[in-house]
Amino acid sequence: MRAPAPGDGCGRVLTVGEWLAHWLASRTSPASSTVRGYAGHVRLYLTPYLGRILLADLSVGQVQAMFTAIIRQHEALGAPVSAATLHRIRATLRAALNAAIRRGLIADNPATRVELPGARRPRAVVWTTSRVEHWRRSGERPAVAVWTAAQTAEFLHGIEDHRLYAAYHLIALRGLRRGEAAGLRWCDVDLDSGVAVICRQLQQYDGCLKVCPPKTAHSARVIALDHTTIAALRAHKERQETERVAFGEKYHLSGYVFTNLNGDPMAPDRLTRIFRALTVAAGLPPIRLHDLRHGAATLALAAGVDLRVVQEMLGHSSIVVTADTYTSVLPDVAHAAAEKVAALIVRAGRLVPGTTRVRRRQTGRPKRRGRKRRGRNRRTVPGRSRAHPGRQIGRPHRRRRHKPRL
């Protein structure tokens, strides 16, 4: 498809819909999942609302009216659209219009000045005892939730004999995405050195599996494997060899770590469906498979792992993303932090203000204010000192009266 100009050979001016179609056809650099999201936004929202408008005439008001119509349409259907979805639609339109600016087709991007509801990244909520009881009574569950260390251990112990135990163990402890786990090959794993190289992922489109690069450049990483994960992967490899012998000559040696019974690589959606069934069978509060990734970061921080190390483990480009998204605080960690703050205040209260000296503790009976009367009915005579006569300075001593001699 040739690159469009402000007017083609017939003098026809481009519409927004025509430019969006060309822009989608020229997308090659982003991941396939990103292009698929772009195509969905263009097909469902951008082309129906803006497709007939001339590209050069597109205004902020027209784009704003589109988002207002989208919100009202979803409300009428009883399925309100989330703020995050609206921001993703705008991101698609903004990217397409920025490409038009680089081609010299337009001079301004009206999508950048549209006002949308604030989108907040959901925080993971821990399944505490009280929250689990509330869920059992009402069925209400958080959008993003993570298990405690005890709940994670209970789940892994309950599925220890399952053929995909190693997959969920790896995700729960090392925080892999499901596509990264599905795309892991034995050539990427060194069990003797205890490392795994995350360099690809599997995605499913229209029923077909496709090998894709990791989500971002920082997602390509090398992760360390603990001894329990190494043991789980060794046992999984032995089980896989047993399945190969049992299946026979039609077994497909795909080289992937997690496969179907015939050796074909396993789709990420299948990992999700099996995980959901195992969670229900275990009787644990519900979480998504991706929430095991949240839990891996949360449990690592609870174990005292540095935030920078957690960022590298998850493959995030910024430590801010790690802190804002995957660092839900477990109750025990929160209580320990509260006690540390209280101890700091107590220590500060023992110091003399403005110094580093510790206050002296008062011992014995506290001093009484004022002078204690020595006699029960003794009264102080004005002008007379109560000190011992021998200590009175500048005061004449009273003369002793001599008894007359007989």
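Residues numbered from 1 in each chain as written. Predicted model: local features only at pLDDT ≥ 70, side-chain atom pairs only at ≥ 80, totals over all residues. Heavy atoms only, no water.

Enquirer: Looking at this structure, I do not really get the side chain of D188. What am I missing?
Expert: Along the chain, the position of D188 falls in the loop between α8 (178-182) and β3 (189-190). Apart from the residues lying within four places of it in its own chain, the contact partners of D188 are G183, V195, A196, V197, C199 and R200. (Helix = DSSP H or I, 4+ residues; strand = E, 2+ residues; numbered from the N terminus. Contact = heavy atoms within 4.5 Å.)

Enquirer: Looking at this model, I keep getting lost on the environment of R120. Mind explaining?
Expert: Tracing the backbone through its elements, the reader meets R120 in the loop between α4 (83-102) and β1 (125-126). With relative accessibility at 82%, the residue R120 sits in the exposed group. Along the backbone, R120 and A84 are 36 residues apart, and their C-alpha atoms lie at a distance of 7.6 Å. (Buried < 20%, exposed > 50% of the residue type's maximum accessible area, 1.4 Å probe, protein only.)

Enquirer: Please clarify how the packing of aromatic side chains should be interpreted in this entry.
Expert: For any pair of aromatic rings, the description consists of the separation of the ring centres together with the inter-plane angle of the planes. Overall, the coordinates contain eight aromatic pairs when judged by the stated rule. Between the aromatic rings of W147 and F155, the centroid separation amounts to 5.1 Å while the plane-to-plane angle is 45 degrees, which identifies the pairing as tilted. Neither W147 nor F155 differs from the other in exposure class; each is buried. These aromatic residues form a ring-pair network of at least three members: W147, F155, Y168 and F275. The ring of W186 has K237 sitting right over it, with the charged end atom 5.0 Å from the ring centre. (Phe/Tyr/Trp six-rings, centres within 6.5 Å; stacked < 30°, edge-to-face > 60°. Lys NZ or Arg CZ within 6 Å of the ring centre and 35° of its normal.)

Enquirer: Is there a simple way to explain the sheet that holds β3 in this structure?
Expert: Hydrogen bonds along the backbone pair up the strands of a sheet, which may run parallel or antiparallel. Taken in spatial order, the three strands make up an open sheet running β3-β4-β7, and their pairing is antiparallel. Each of the sheet's edge strands pairs with one partner strand only, and the pair in question is β3 and β7 (221-224). Looking at chain direction, strand β4 (residues 195-198) and β7 are connected through four bridges and run antiparallel. Bridge pairing in β7 links V197 to V222. (Pairing = 2+ DSSP bridges.)

Enquirer: Just checking my understanding: could you explain the pattern of salt bridges for this structure?
Expert: Any two side chains of opposite charge can pair, on the condition that their charged atoms come close. In the structure shown here, the tally under the stated rule is nine salt bridges. Where R234 meets D192, a salt bridge forms, and the shortest distance between an N and an O atom there is 3.2 Å. You can see R234 sitting in helix α9 (residues 227-247) and its partner D192 sitting in the loop between β3 and β4, a full 42 residues away along the chain. Judged by its relative accessible area of 38%, R234 falls in the partly exposed class. Residue class for D192 comes out exposed when judged on its relative accessible area of 70%. Measuring nitrogen to oxygen at the nearest pair gives 2.8 Å for the salt bridge that ties R288 to D291. For R288, a relative accessible area of 37% corresponds to the partly exposed category. Each of R177, E180 and R221 takes part in a single network of salt bridges with overlapping partners. (Salt bridge = Lys/Arg side-chain N within 4 Å of Asp/Glu carboxyl O.)

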